[in-house]
Each structure stands twice: as structure tokens, then as C-alpha cells.
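Okay, here's what each chain looks like letter by letter:
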Amino acid sequence: MKNLKTIKVKGGYIQIDLGNPDKFAKWSKLIEQACIRADKAAAGADERKETPELRSDLGKAFDMTFGRGTSKKTFGTAAPSIGQMEEFFDKFIPLANKWLGG
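Rules behind the numbers
Residues numbered from 1 in each chain as written. Predicted model: local features only at pLDDT ≥ 70, side-chain atom pairs only at ≥ 80, totals over all residues. Heavy atoms only, no water. pLDDT = per-residue confidence, 0-100. Helix = DSSP H or I, 4+ residues; strand = E, 2+ residues; numbered from the N terminus. Core = buried A, V, L, I, M, F, W, Y, C linked by side-chain atoms within 4.5 Å. Buried < 20%, exposed > 50% of the residue type's maximum accessible area, 1.4 Å probe, protein only. Contact = heavy atoms within 4.5 Å. Salt bridge = Lys/Arg side-chain N within 4 Å of Asp/Glu carboxyl O.

**A closer look at the confidence of the model for the protein**
Thought 1: Looking at the protein as a whole, the pLDDT averages 81, with 86% of positions reaching at least 70.
Thought 2: Predicted confidence in the protein is weakest over helix H1 (residues 21–41), with a mean pLDDT of 72, and strongest over helix H3 (residues 70–75), with 95.

Shown next as C-alpha cells:
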């Protein structure tokens, strides 16, 4: 069952199927794995090292969830920063909660 919602982003619009919660669980897992790899790469450092590989992984996870090319359309790059991803979450979560009635 599709529950498509459209969001205006920097480079146009993206559609999100809220009727597919497995996709969001997978997205969360992919982002978590990318961050774990970044934490290991930064072992001993004070904070997570934001490497080009981490940024690429975040973009790939986003595209796998929202569709091919949506990372570039949303963030202006296929390899978004952690800050860009956090900003997206800050705006997306209230919308998703509203759409899902929670």
C-alpha cells in the first residue's frame, strides 16, 4: 500500500512512500553502519571523522531510500555532510509524524 508524500527540496521535489516502513528501517541501518565505520576511522579522536567515504555512504543510503539522484536534488551533492543529513532529519521527522498522525 503506497502512501506517497511530496516534499519540496533545494533542487525540486522528492516523493516519499510512508507506506513502506521497511525502507526507513533499512535507511536507518545504512546510516548507522556508515557512522560506525567513521567512528572506527576516528579511533582516538575527539569526534567522528567526516570522511569522503562517510559522506558518499550517507548519499547512497539516502538515494536507496528516496530514489536515485535524490541526494543531489535534496542536498546539492551526492555526498551530503552529517550536518546536512541532520538538518534534513530535523525538518523531515515533524512532517512524517504529522502525516502518520502521531
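**What to know about the nonpolar core**
Thought 1: Ranked by size, the top nonpolar core spans 21 residues in total, and within it Ile14, Ile16, Trp27, Phe62, Phe66, Phe88 and Phe92 carry the most contacts.
Thought 2: For this core, the secondary structure elements donating two or more residues are strand S1 (4–9), strand S2 (12–17), H1, helix H2 (52–66) and helix H4 (82–99).
Thought 3: Among all residues touching Phe88, those that are not within four sequence positions of it are Ile14, Trp27, Phe62, Phe66, Thr74 and Phe75.

**Quick notes on the pattern of salt bridges**
Thought 1: Counted by the stated rule, this structure contains one salt bridge.
Thought 2: A salt bridge links Lys91 to Glu87, with the nearest nitrogen and oxygen atoms 3.0 Å apart. On the criterion of helical spacing, the pair formed by Lys91 and Glu87 is a turn pair, its members being four residues apart in helix H4.
Thought 3: Given a relative accessible area of 44%, Glu87 falls into the partly exposed group.

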